[in-house]
Amino acid sequence: MVTLGIDIGSTTSKAVMLKDGKEIMASSIVIATVGTDGVSRAIEEVQKNSTVQKEAIDCIVATGYGRQTYQGADFQVSELSCHALGVHHICPQVRTVIDIGGQDAKVLSLNEQGRMVNFVMNDKCAAGTGRFLDVMANILKLDISQLEIQAAKSLKPANISSTCTVFAESEVISQLASGVEIPDLVAGICQSVATRVASLARRAGIKEQICMSGGVARNAGVRNAMAKELGTEIVFDPMAQLMGALGAALYGFEKSSQ
Ligand code: ADP
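Please read these numbers as outputs of a predicted model, since none were measured by experiment. (Residues numbered from 1 in each chain as written. Predicted model: local features only at pLDDT ≥ 70, side-chain atom pairs only at ≥ 80, totals over all residues. Heavy atoms only, no water.)

(A) Inspection of the overall build of the chain at higher detail. When you go through the chain residue by residue, the secondary structure sums to 8 helices and 10 strands. For the chain, whose C-alpha radius of gyration is 18 Å, the value lies close to the compact-globule estimate of 18 Å for 258 residues. Dimensions of the chain, computed from C-alpha atoms along their principal axes, come out at roughly 60 × 35 × 30 Å. Looking at the 258 residues of the chain, the share that counts as buried comes to 55%. When contacts within the chain are restricted to residue pairs at least 6 apart in sequence, long-range pairs at least 24 apart make up 63% of them. Total accessible area on the chain stands at roughly 11,800 Å², and carbon and sulfur atoms take up 49% of it. (Helix = DSSP H or I, 4+ residues; strand = E, 2+ residues; numbered from the N terminus. Rg over C-alpha atoms; globule rule 2.2 N^0.38 Å. Buried < 20%, exposed > 50% of the residue type's maximum accessible area, 1.4 Å probe, protein only. Contact = heavy atoms within 4.5 Å. Areas by Shrake-Rupley, 256 points an atom, 1.4 Å probe, with all protein chains shown as cover.)

(B) Molecular detail of the pairing of strand S4 (residues 59-63). Of all 5 residues in S4, 5 are buried, a share of seventy percent or more. Of the two faces of S4, the one holding Cys59, Val61 and Thr63 and the one holding Ile60 and Ala62 are both buried throughout. Bridge count between strand S1 (residues 2-8) and S4: 5 bridges; the pairing is parallel. Across the sheet, aspartate 7 pairs through a bridge with threonine 63, a residue of S4. Alignment of S4 against strand S5 (residues 75-76), held across 2 bridges, turns out to be parallel. Its bridge partner lying in S5, alanine 62 is registered against glutamine 76. (Pairing = 2+ DSSP bridges.)

(C) View of helix H5 (residues 165-177). Along its 13 residues, H5 runs 18 Å from first to last C-alpha, staying within 8% of the 18 Å computed at 1.5 Å per residue. In this structure, the buried residues of H5 make contact with helix H3 (130-139) and helix H6 (182-204). One or two positions beyond H5, positive phi appears at glycine 179, with a value near 95°. (Expected span 1.5 Å × (residues − 1).)

(D) Representation of a nonpolar patch on the surface within the structure. On the surface, Met116, Phe119 and Met121 cluster together to form a nonpolar patch covering roughly 220 Å² of accessible area. Note on placement: methionine 116 falls in strand S8 (residues 116-122). (Patch = residues over 30% accessible without salt bridge, like charges linked within 9 Å, V, L, I, M, F, W, Y side chains within 5 Å. Salt bridge = Lys/Arg side-chain N within 4 Å of Asp/Glu carboxyl O.)

(E) Region of interest: the packing of aromatic side chains. What the rule picks out here adds up to 1 aromatic pair. Lying across the ring of phenylalanine 236, arginine 223 places its NZ or CZ 3.8 Å from the centre. (Phe/Tyr/Trp six-rings, centres within 6.5 Å; stacked < 30°, edge-to-face > 60°. Lys NZ or Arg CZ within 6 Å of the ring centre and 35° of its normal.)

(F) The arrangement of the site of the ligand in detail. What surrounds the ligand is a group of 17 residues, the closest being Thr11, Thr12, Lys14, Asp134 and Gly215. Contact distances for the ligand include 2.9 Å between an oxygen atom and a backbone N or O atom of glycine 102. Contact between the ligand and aspartate 134: an oxygen atom at 2.7 Å from a side-chain N or O atom of the residue. Taken by itself the ligand offers 580 Å² of open surface, and the protein chains cover 88% of this. Counting atoms within 2 Å of the grid points, the majority share of the ligand lands in the largest pocket. Of all elements in the fold, only strand S2 (12-19) and H3 reach the threshold of two or more residues within the shell around the ligand. Each residue belonging to the shell around the ligand can be placed in one class, and the counts come to 2 nonpolar, 12 polar and 3 charged. (Near = heavy atom within 4 Å. Polar contact = N/O pair within 3.5 Å; in protein donor to acceptor, adjacent residues only side chain to side chain. 1 Å grid on protein atoms, 1.4 Å probe; cavity = no way out; pocket = protein on both sides within 12 Å on 5 of 7 lines; lining within 4 Å. Sits in = over half its atoms within 2 Å of the grid points. Nonpolar A, V, L, I, M, F, W, Y, C, P; charged D, E, K, R; others polar.)

See the structure below:
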């Protein structure tokens, strides 16, 4: 049985093609906001990479912020449930998931069966989300994927005291003008996101193992700062950004096998 999970996020569209609820045949990530052709491009790419024709797909499940905008799905499921399913499938020992996406941050508590038992969310403010990092990377003329390399070079992370993205933007520009090195600024920026989301995590209640999912998990600068903040190891899998789409494909398998 082949199931397709599509995660339509605020910043990216992700797709995972899954065989028999186990084998990840292919995946795709397309940078595009909701309301654009990002979803169809992500589907096209995953179909091409898996060589699965549309007719051979048994079930399509859409999740994410923009899931209502896609009419071609058999089911629409919340991203919270999908992240829980995806993470539990790959890392069954995880009990806390810290998911930082393009526009929000969520902390999920899972039970031993991988079901979500609690969650807290920040979707009111760009600080502590991928948006904060995107804005800062833009100021520093860096690609988002370069932040972790820069952060690793820092010996003295800058202190970014503003929690608001708009004020933090001015603060970074003024520190840059006064000669603070880029690696130190980037490390401070990563630290700022980690501090903010760690306090959200403490509100949810932290239980090990802790895993980061969502696009921001790909940034080792944030992961390392988060590990220090929480005083524990952070589990990371290269599928981090695809956990929602994987969970959607797993949901499709569960439903179709009933
Ligand atoms: P959403 O589901 O809300 O669209 P994602 O979970 O896809 O969000 O995460 C998007 C965020 O991930 C971006 O805002 C960006 O900050 C971060 N990101 C994307 N790609 C990378 C990368 N290669 N390295 C580090 N961070 C990344």
